Amino acid sequence: MKHHLFAPTPPMGWNSWDCYGASVTEEEVRGNAQYMAEHLKPYGWEYVVVDIQWYEPGANSSRYRPFVPLEMDEYSRLMPAVNRFPSAADGQGFKPLAEYVHGLGLKFGIHIMRGIPRQAVHAASPILGSEATAREIAHPNSICPWNTDMYGVDASHEGAQAYYDSLFRLYAEWGVDYVKVDDIAASRLYGIHLPEIELIRRAIDRCGRDMVLSLSPGPAPVEHAQELASLANLWRMTDDYWDLWSLLLDMFDRCEQWYIHVAPGQWPDCDMLPLGHIGIRSVDGGAADRWTRFTRDEQRTMMSLWSIFRSPLMFGGELRDNDEWTLSLLTNREVLDAHRYGERIRPASREEGRIVWTSIDSRTGDVYAALFNTAEETQTVTASWEALGLSGSRRVRDLWAGKDLGEASGAVSLEVPPHGAVLLKLAE
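Rules used in this analysis
- Positions within a chain are numbered from 1, following the residues in the order the chain's sequence is written.
- Per-residue local features are limited, in this predicted model, to residues with pLDDT of at least 70; the limit for side-chain atom pairs, both in listing and counting, is 80 or more; totals at the level of whole chains, interfaces and linings are taken over all residues.
- Heavy atoms throughout the structure, all of them, feed into the side-chain values; hydrogens and water do not.
- What is meant by a nonpolar core is a set of buried Ala, Val, Leu, Ile, Met, Phe, Trp, Tyr and Cys residues, joined one to another through side-chain atoms within 4.5 Å.
- Burial classes: relative accessible area under 20% of the type maximum marks a residue as buried, over 50% as exposed, and values in between as partly exposed (1.4 Å probe, protein chains only).
- Each helix is a run of DSSP H or I of at least 4 residues and each strand a run of E of at least 2, with the numbering of both proceeding from the N terminus.
- The contact definition used throughout considers only heavy atoms, calling two residues in contact when any of these lie within 4.5 Å.
- Stacked, edge-to-face and tilted are the three classes for Phe, Tyr and Trp ring pairs, Trp counted by its six-membered ring, which pair at centre distances within 6.5 Å; planes under 30 degrees apart are stacked, over 60 edge-to-face, the rest tilted.
- Here, a charge over a ring is recorded when the distance from Lys NZ or Arg CZ to the ring centre is within 6 Å and its angle to the ring normal is within 35 degrees.
- Any two strands between which DSSP finds at least two bridges are classified as paired.
- Convention adopted: a line fitted to C-alpha atoms gives each axis, helices being fitted over their contacting stretch, and angles between N-to-C directions are expressed from 0 to 180 degrees.

(A) Structural detail: the nonpolar core. Formed by 129 residues in total, the largest nonpolar core has its most connected members in F168, Y171 and W357. Examining the composition of this core, we find that 10 residues originate from one element, helix α6 (residues 160-174), more than from any other. Leaving out residues up to four positions away in the same chain, F168 has contacts with I112, V179, I200, A203, I204, C207 and M211. One finds V356, L371, L390 and L426 within the second-largest nonpolar core, a separate group that totals 17 residues.

(B) Seen up close, the packing of aromatic side chains. Applying the stated rule across the entire model yields 18 aromatic pairs. Geometrically, the ring pair formed by Y171 and W174 is tilted, given 5.4 Å between the ring centres and 40° between the ring planes. Here Y171 pairs with W174, and both are found in helix α6, just 3 residues apart, close to one helical turn. One aromatic cluster in this structure is built from W54, Y55, F85, F94, F108, F168, Y171 and W174. For R30, the ring lying beneath its charged end belongs to Y100, and the centroid distance is 4.5 Å. Here the guanidinium or amino end of R363 rests over the ring plane of Y341, the centre of that ring lying 3.9 Å away.

(C) Inspection of the sheet that holds strand β9 (residues 234-236) at higher detail. The 8 strands are arranged β10-β9-β8-β7-β3-β2-β1-β13 in an open sheet whose pairing can be described as parallel. For this open sheet the edge positions go to β10 (267-269) and β13 (313-315), each flanked by a neighbour on one side alone. Taken over all neighbouring pairs, the strand axes of this sheet differ in orientation by 25° on average, direction set aside. The pairing of strand β1 (residues 12-15) with β13 spans 3 bridges and is classified as parallel. Its bridge partner being in β13, G13 is matched across the sheet by M314.

Okay, structure coming up:
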């Protein structure tokens, strides 16, 4: 399908949620975009994504204010809150901000909630391109359990497709390149919302602009992998992921469930990277304003797993506060090559906290091997040629250290610190 061409490699970018919750401002978006253009764009980072509730004038953290008035146009479509996004004044929406991001050579994304605004439903607001009103297409008992902004849309009703078509035509006019749709891949109340995903897929296909479609939250049901791949570009394998070792450890199991479904344009998503300075106005994850609680070894483990698995990479911290260490995690070309060019990804071995994943560089045929130690003490982790499908001798390179380790045959064994990782390239 054509939409798979929109994201031929896993998307890489910045998202405002981990640092600013629902309350990000235009100045903060512009500042992070400028940092990305200066420091990260040469390494493939390109998306700047405004997360949830950009239409809520009083949003002040990751705690939602229930049942408050939202900024909306006359056709039941939410609009950026002008007090937070001044360039959106006079009905311009996100067009000026998207133009700024595009002017930096980057791409612009937004988060939306599944459904139609409750305030539009209660007011029976019109829908562009339909005789139906918001009240008639709403599914009033299809609600989000953690946010009060929307009712679901009844996909069987005339006007439902027109509503989503009008939304995505508006986003195309703004210049949106990436849309993250929430409360849709999984719901605590209803599971997956396939009818609304289908409405959105058609709306994007009709809007006249290529847009990457990301579905949240998770865990997306693996039994619907084929539908997800046919409708979206990425989908969350997990509920919101934070800087806690238990959640990182759990991701190994999720990757084992999903790796067979990784392919160009269809990316099972490990969720955002809670790195650097996070929680500035976000109180999720059990803590507030902080630097990531992950140790350096855990940060390297996360980047290694996300890279060899080819998860989308969405950085969650305030980029402008990055220290040299954090920046180094995002600008290692050899690691990012494994992320961009790996194929035939698979887990090679797993025994008592010693885990090995492997992939093959599609350009050179070189083999990548990620050696993980999830135990509480240093262990020797072995990647055997049998497990990796190799023969003969190979030149071994440590990609995080940026150094050659000499030749090996039969196996390579390295000491790996607790909660740590080593990412190797094995070249003929």
